[in-house]
Amino acid sequence: MSNRPEPAAPLDVGAPRCALDHIVVVAPALDTGGAFVREMLGIAPQAGGEHARLGTHNLLLRLGDALYLEVIAIDPSAPPPSRPRWFGLDGLRPDAAPALAAWVARSPHVHASAVACPEPLGDIEPMSRGALEWLITIPADGFVPLDGVGPALIQWQTETHPASRLPDHGLSLTRLELGHPDPERVGRMLASLGLDHGGLLVVAAAATPRLTARIDTPQGPRVLSAG
């Protein structure tokens, strides 16, 4: 099977144009996730906050003016939620290695984007962290859509993007590769969301679903993946 990127599919001009918002590293504990990112990228992510509704907490690292990396883990001090947590965290073993496991696309109209998408991305739910509020799609089972390469859709309810408040350490995401056995299916999904996958997002044929992020750092290019 070829690993060459698939050519970009035409954008669906009838859907709201989405944009890559952030990438997500999951970890069994926040400190191990932060150590993993520091080892891989040379910069330690900073404290974010708690998501009370889902019993999780996070760390953050800026990758651009409106783009960032999130490390997320179950908050051991929070009561368990009444529903599965997001990003497959409930299925993570205590000894699991931290890994790039999800990505989030920003939409100006999340309800319209979710309807336009041929893949079920989950229910749209209100979320908050400190003073931040947003709407986001969360599958009922808590797992990442499309075998692990589908996005969550987010609509921020704030005037400025959270990444603009983070320190700039000279990191930038240059490419997010979405590997899947059916790349045409992934391409149709991106087109339905108005996401151009000829640039920052790249779809590639792969034996198993896999995310790979290529990041420029002051020490040179680095790669984050599922392990």
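Anything mentioned here points back to the structure above.
Residues numbered from 1 in each chain as written. Predicted model: local features only at pLDDT ≥ 70, side-chain atom pairs only at ≥ 80, totals over all residues. Heavy atoms only, no water.

A. Summary view of the overall build of the protein. Regarding its fold elements, the protein presents 4 helices and 12 strands. In terms of C-alpha radius of gyration, the protein reaches 16 Å, essentially the compact-globule figure of 17 Å for 227 residues. Projecting the C-alpha coordinates of the protein onto the three principal axes gives extents of approximately 45 × 40 × 35 Å. When the 227 residues of the protein are sorted by exposure, 52% land in the buried category. Long-range contacts, defined here as pairs at least 24 residues apart, represent 72% of the contacts in the protein between residues at least 6 apart. Surface accessibility of the protein: about 10,200 Å² in total, with carbon and sulfur atoms responsible for 54%. Here the protein carries 17 positive and 24 negative side-chain charges, and the mean point of each set is 4 Å from the other. (Helix = DSSP H or I, 4+ residues; strand = E, 2+ residues; numbered from the N terminus. Rg over C-alpha atoms; globule rule 2.2 N^0.38 Å. Buried < 20%, exposed > 50% of the residue type's maximum accessible area, 1.4 Å probe, protein only. Contact = heavy atoms within 4.5 Å. Areas by Shrake-Rupley, 256 points an atom, 1.4 Å probe, with all protein chains shown as cover. Lys, Arg positive; Asp, Glu negative; His and termini not counted. Charge placed at Lys NZ, Arg CZ, Asp CG, Glu CD.)

B. Seen up close, the sheet that holds strand S2 (residues 46–51). Strand order across the open sheet formed by 8 strands is S2-S3-S4-S1-S5-S8-S7-S6, with mixed pairing between neighbours. Each end of this open sheet is capped by a strand with a single partner; those strands are S2 and strand S6 (123–129). Direction aside, neighbouring strands of the sheet carry axes that sit 30 degrees apart on average. On top of the sheet, helix H1 (residues 30–41) reaches strand S1 (19–26), strand S3 (56–64) and strand S4 (67–74); it is set at about 145 degrees to S4, its chief contact. (Pairing = 2+ DSSP bridges. Axes fitted to C-alpha atoms, helices over the stretch in contact; angles between N-to-C directions.)

C. Here's a closer look at the sheet that holds strand S10 (residues 201–205). As summarised here, the arrangement of the 4 strands in space is S10-S9-S11-S12, forming an open sheet in which the pairing is mixed. If you trace the sheet from one side to the other, it starts and ends with S10 and strand S12 (220–225), each paired once. The mean inter-strand angle of the sheet, taken between neighbouring strand axes irrespective of direction, is 20 degrees. The sheet contact formed by strand S9 (residues 172–180) and strand S11 (residues 210–217) spans 7 bridges and is antiparallel. Bridging across to S11, Leu178 finds its partner in Leu211.

D. A look at the packing of aromatic side chains. Taken as a whole and assessed by the stated rule, the structure comprises 2 aromatic pairs. Between Trp86 and Phe87, the ring centres sit 5.3 Å apart and the planes meet at 25 degrees, which makes this aromatic pair stacked. A residue is classified by how much of its surface remains accessible, and Trp86, at 4% relative accessible area, is buried. Ring centres of Trp134 and Trp156 lie 5.2 Å apart, and the angle between their planes is 55 degrees; this geometry places the pair in the tilted category. A residue pair is termed long-range when its members are at least 10 positions apart, and Trp134 in strand S7 (residues 132–138) and Trp156 in strand S8 (residues 152–156) qualify at 22 residues. For Trp134, a relative accessible area of 4% corresponds to the buried category. Here Trp156 falls in the buried class, since its relative accessible area comes to 13%. (Phe/Tyr/Trp six-rings, centres within 6.5 Å; stacked < 30°, edge-to-face > 60°.)

E. View of the pairing of S8. With 4 of 5 residues buried, S8 is to be regarded as a mostly interior element. Sheet topology note: the strand S5 (residues 99–106)/S8 ladder contains 3 bridges and is parallel. Each bridged residue has a counterpart across the sheet, and for Arg106 the counterpart in S8 is Ile154. With 3 bridges connecting them, S7 and S8 associate as antiparallel partners. Bridging from a neighbouring strand, Leu135 pairs with Gln155 of S8.

F. Region of the structure containing the pairing of S12. Sheet topology note: the S11/S12 ladder contains 6 bridges and is antiparallel. Across the sheet, Thr212 pairs through a bridge with Ser225, a residue of S12. Count of turn residues in the S11/S12 antiparallel hairpin: 2 residues.

G. Spotlight on the layout of surface pockets. Taken as a whole, the largest pocket holds about 410 Å³ of empty space. Looking at the largest pocket, it is lined by 21 residues, and the ones nearest its centre are Val26, Phe87, Leu92, Leu100 and Ala101. Those elements that provide at least two residues to the lining of the largest pocket are S5, helix H3 (145–148) and S11. Considering every element that reaches the lining of the largest pocket, the biggest residue donor is S5, with 3 residues. Its residues assigned to classes, the lining of the largest pocket comprises 15 nonpolar, 3 polar and 3 charged. (1 Å grid on protein atoms, 1.4 Å probe; cavity = no way out; pocket = protein on both sides within 12 Å on 5 of 7 lines; lining within 4 Å. Points joined across faces, edges and corners; volume = space filled by probe spheres on them. Nonpolar A, V, L, I, M, F, W, Y, C, P; charged D, E, K, R; others polar.)

H. A look at the nonpolar core. Ranked by internal contacts, the top residues of the largest apolar core, which has 41 residues, are Ile23, Leu69, Trp103, Leu176, Leu190 and Ile215. Not counting chain neighbours up to four residues away, the residues in contact with Ile23 comprise Leu63, Tyr68, Leu69, Glu70, Leu100, Ala102, Trp103, Leu173, Leu176, Ala213 and Ile215. The next biggest cluster of nonpolar side chains, apart from the first, holds 22 residues, and it includes Val104, Trp134, Ile136 and Ile154. (Core = buried A, V, L, I, M, F, W, Y, C linked by side-chain atoms within 4.5 Å.)

Don't take any of this as a statement about function, it's just geometry.
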